[in-house]
Amino acid sequence: AQSVAQPEDQVNVAEGNPLTVKCTYSVSGNPYLFWYVQYPNRGLQFLLKYITGDNLVKGSYGFEAEFNKSQTSFHLKKPSALVSDSALYFCAVRDENGNNRLAFGKGNQVVVIP
Amino acid sequence: EPEVTQTPSHQVTQMGQEVILRCVPISNHLYFYWYRQILGQKVEFLVSFYNNEISEKSEIFDDQFSVERPDGSNFTLKIRSTKLEDSAMYFCASSGERSNNQPQHFGDGTRLSIL
């Protein structure tokens, strides 16, 4: 069964500094990887995905993520964090075998300090 | 931009009572999902639904749970006899295609509190 690990509980970063949120995955076959963001009292908003092709994928709000097959990782990055990026970030994976369920990590709280 | 909408935003129910959570998926989407998030825990898959039938369900989705698409727009989750441990945030999601590269779009959730 597919699974995701997000090792950190909270990521603190100063405004303007680079932001990284870590994610590693486990799946049989090729992974389909997703990042979602959750603001307070809201649902999960899709940020970006990796399916195939270029290992660096770009998404909404200036976020990008790098797929690393050898390390089974899909870390989320933003070159310059904003206070408004403070939210809960979830990594998710599906397998390629027609299984539509998303397996989520536990989420990382990102706090951007002004 | 089209959205998935869920009602109510908060539902308080006595243990043992039936509850129905409602969702209106994005209008041209074909695949529908329910997930739940117990406070402080991971988002967990419950069920997926396509072509008027369940396509996949998790071990959480036992006989107490059912889903229905009663008309062309609504997608509902029913819990027949609620338990305290059913207290969670329930998210509905939809996607346009079954291919795994399409993202699922989520509603804002219904917070279910069982007393």
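Above: the structure in question.
Some words on the overall build of chain A
Piece 1. Assigned secondary structure in chain A consists of zero helices and twelve strands.
Piece 2. A compact globule built from 114 residues would reach a C-alpha radius of gyration of about 13 Å, and chain A, at 13 Å, matches this within 12%.
Piece 3. If you line up chain A on its principal axes, its C-alpha atoms span 45 × 30 × 20 Å.
Piece 4. Buried positions account for 47% of the 114 residues belonging to chain A.
Piece 5. Counting contacts in chain A only where the partners sit at least 6 residues apart, residues at least 24 apart contribute 57% of the total.
Piece 6. Summed over all atoms, the accessible surface of chain A reaches about 5,100 Å², with 49% contributed by carbon and sulfur.
Piece 7. Counting 10 positive and 9 negative side-chain charges, chain A places the averaged centre of each group 4 Å from the other.

What about the pairing of strand β2 (residues 10–14) of chain A?
Residue and element names in this part refer to chain A.
Piece 1. Covered by surrounding structure in β2 are V11 and V13 only, the residues Q10, N12 and A14 on the alternate face being uncovered.
Piece 2. Note that β2 and strand β12 (residues 108–113) share five bridges and pair parallel. Bridged to Q10 within β12 is Q109.

Observations concerning the packing of aromatic side chains
All names here are of chain B.
Piece 1. Scanning all chains against the criterion turns up 18 aromatic pairs over all chains.
Piece 2. A ring pair is formed by Y33 and Y35, whose centres lie 6.5 Å apart and whose planes are at 40°; its orientation type is tilted.
Piece 3. Residue class for Y33 comes out buried when judged on its relative accessible area of 1%.
Piece 4. Here the aromatic rings of F49 and F75 are separated by 5.3 Å at their centres, their planes lie at 40°, and the arrangement is tilted. Linking F49 in strand β5 (residues 43–50) with F75 in strand β8 (residues 75–79), this pair joins segments that are 26 residues apart in sequence.

Overview of the environment of N30 of chain A
Residue and element names in this part refer to chain A.
Piece 1. Along the polypeptide, N30 turns up in the loop between β4 (24–26) and β5 (31–38).
Piece 2. What makes N30 partly exposed here is its relative accessible area of 35%.
Piece 3. The sequence separation of N30 and S84 amounts to 54 residues, and the corresponding C-alpha distance is 33 Å.
Piece 4. If we ignore the near neighbours within four places in the chain, the residues touching N30 are K69, R94, D95 and E96.

Cut-offs used in this document
- Residues numbered from 1 in each chain as written.
- Chains lettered and ligands numbered in written order.
- Predicted model: local features only at pLDDT ≥ 70, side-chain atom pairs only at ≥ 80, totals over all residues.
- Heavy atoms only, no water.
- Helix = DSSP H or I, 4+ residues; strand = E, 2+ residues; numbered from the N terminus.
- Rg over C-alpha atoms; globule rule 2.2 N^0.38 Å.
- Buried < 20%, exposed > 50% of the residue type's maximum accessible area, 1.4 Å probe, protein only.
- Contact = heavy atoms within 4.5 Å.
- Areas by Shrake-Rupley, 256 points an atom, 1.4 Å probe, with all protein chains shown as cover.
- Lys, Arg positive; Asp, Glu negative; His and termini not counted.
- Charge placed at Lys NZ, Arg CZ, Asp CG, Glu CD.
- Pairing = 2+ DSSP bridges.
- Phe/Tyr/Trp six-rings, centres within 6.5 Å; stacked < 30°, edge-to-face > 60°.

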